[in-house]
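Structural features, examined
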Amino acid sequence: MITLSNDDMKCIALFESMTGAIVKDCLIGDDGIAFVIKEGEMGRAIGKGGSALERARKAFGSKPIYVVENAEDLRDFVVNLLKPIPISNLNIQEKDNARTAVVTVDARDRGAAIGKGGERIKMHKALLQRRFGADLRLVTKD
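Residues numbered from 1 in each chain as written. Predicted model: local features only at pLDDT ≥ 70, side-chain atom pairs only at ≥ 80, totals over all residues. Heavy atoms only, no water.

**What about the overall build of the protein chain?**
Assigned secondary structure in the protein chain consists of six helices and six strands. Sequence-ordered secondary structure for the protein chain, helices as α and strands as β, is α-β-β-α-α-β-α-β-β-α-α-β. Computed over the C-alpha atoms, the radius of gyration of the protein chain is 15 Å, within 12% of the 14 Å expected from 2.2 N^0.38 for a compact globule of 142 residues. If you line up the protein chain on its principal axes, its C-alpha atoms span 40 × 35 × 30 Å. Buried positions account for 41% of the 142 residues belonging to the protein chain. Looking at the protein chain alone, contacts between residues at least 24 apart form 57% of all its contacts between residues at least 6 apart. Accessible area of the protein chain: about 8,000 Å², with a carbon and sulfur share of 47%. Counting 23 positive and 20 negative side-chain charges, the protein chain places the centres of these two groups 4 Å from one another. (Helix = DSSP H or I, 4+ residues; strand = E, 2+ residues; numbered from the N terminus. Rg over C-alpha atoms; globule rule 2.2 N^0.38 Å. Buried < 20%, exposed > 50% of the residue type's maximum accessible area, 1.4 Å probe, protein only. Contact = heavy atoms within 4.5 Å. Areas by Shrake-Rupley, 256 points an atom, 1.4 Å probe, with all protein chains shown as cover. Lys, Arg positive; Asp, Glu negative; His and termini not counted. Charge placed at Lys NZ, Arg CZ, Asp CG, Glu CD.)

Here it is in structure tokens:
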């Protein structure tokens, strides 16, 4: 079960009021704020021409905002984390009661998957750990 702080709940309320999307979870980190939204709500969260997301970005200031559609299945959640980056292979490894999602992407998509200064991959790893207790490993292919 995920515990939300007062700051998390304030961010959720603000994001929901600005976008109309239902937020299932919020993770505030040094590398940005991630919102996990209800399945099927991505269009609402983004808004026409990106308008809802742009309003939210302005409201939250300089921190990057990440929006991920929820999924109950680990595999589906990993795919949602990396959208719109195409995944060529996704393998869930289990060893010593630890799960790791090993994701293979094309070498030219590596930068987009990692993000500037690695902030995107750090946030994705933290979300995956928080929601599924799993780690994320990115592998590239030429």
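**Focus on helix α6 (residues 119-132)**
The first and last C-alpha atoms of α6 sit 20 Å apart over 14 residues, in line with the 20 Å expected at 1.5 Å per residue. Just past α6, the residue Gly 133 takes up positive phi, approximately 65 degrees. (Expected span 1.5 Å × (residues − 1).)

**Things to note about the packing of helix α4 (residues 74-82) against α6**
Between α4 and α6, the least distance of the axes is 11 Å, while the angle of their chain directions is 160 degrees. Considering their axes alone, α4 and α6 lie roughly antiparallel with respect to each other. α6 is crossed by α4, and the crossing has right-handed handedness. Here Leu 74, Phe 77, Val 78, Leu 81 and Leu 82 of α4 come into contact with α6, specifically with Arg 120, His 124, Leu 127, Leu 128, Arg 131 and Phe 132. Classifying every residue of the contact of α4 with α6 by side-chain character gives eight nonpolar, one polar and two charged. (Axes fitted to C-alpha atoms, helices over the stretch in contact; angles between N-to-C directions. Parallel < 35°, antiparallel > 145°, perpendicular 65-115°, else oblique. Left-handed = near helix turned anticlockwise from the far one by under 90°. Nonpolar A, V, L, I, M, F, W, Y, C, P; charged D, E, K, R; others polar.)

**Side note on the packing of aromatic side chains**
Following the criterion strictly, the structure yields three aromatic pairs and no others. An angle of 15 degrees between the planes, with centres 4.1 Å apart, marks the rings of Phe 15 and Phe 35 as stacked. Of the two residues, Phe 15 is situated in helix α1 (residues 6-19) and Phe 35 in strand β2 (residues 32-37); the sequence distance between them amounts to 20 residues. Residue Phe 15 is classed as buried on the basis of its relative accessible area, which comes to 0%. Note on Phe 77 and Phe 132: the rings are 5.4 Å apart at their centroids and 50 degrees apart in plane angle, and the pair reads as tilted. Taken together, the residues Phe 77 in helix α4 and Phe 132 in helix α6 connect sequence positions 55 residues apart. Owing to a relative accessible area of 0%, Phe 77 belongs among the buried residues under this scheme. Among the aromatic residues, those joined into a ring-pair cluster are Phe 15, Phe 35 and Phe 60. (Phe/Tyr/Trp six-rings, centres within 6.5 Å; stacked < 30°, edge-to-face > 60°.)

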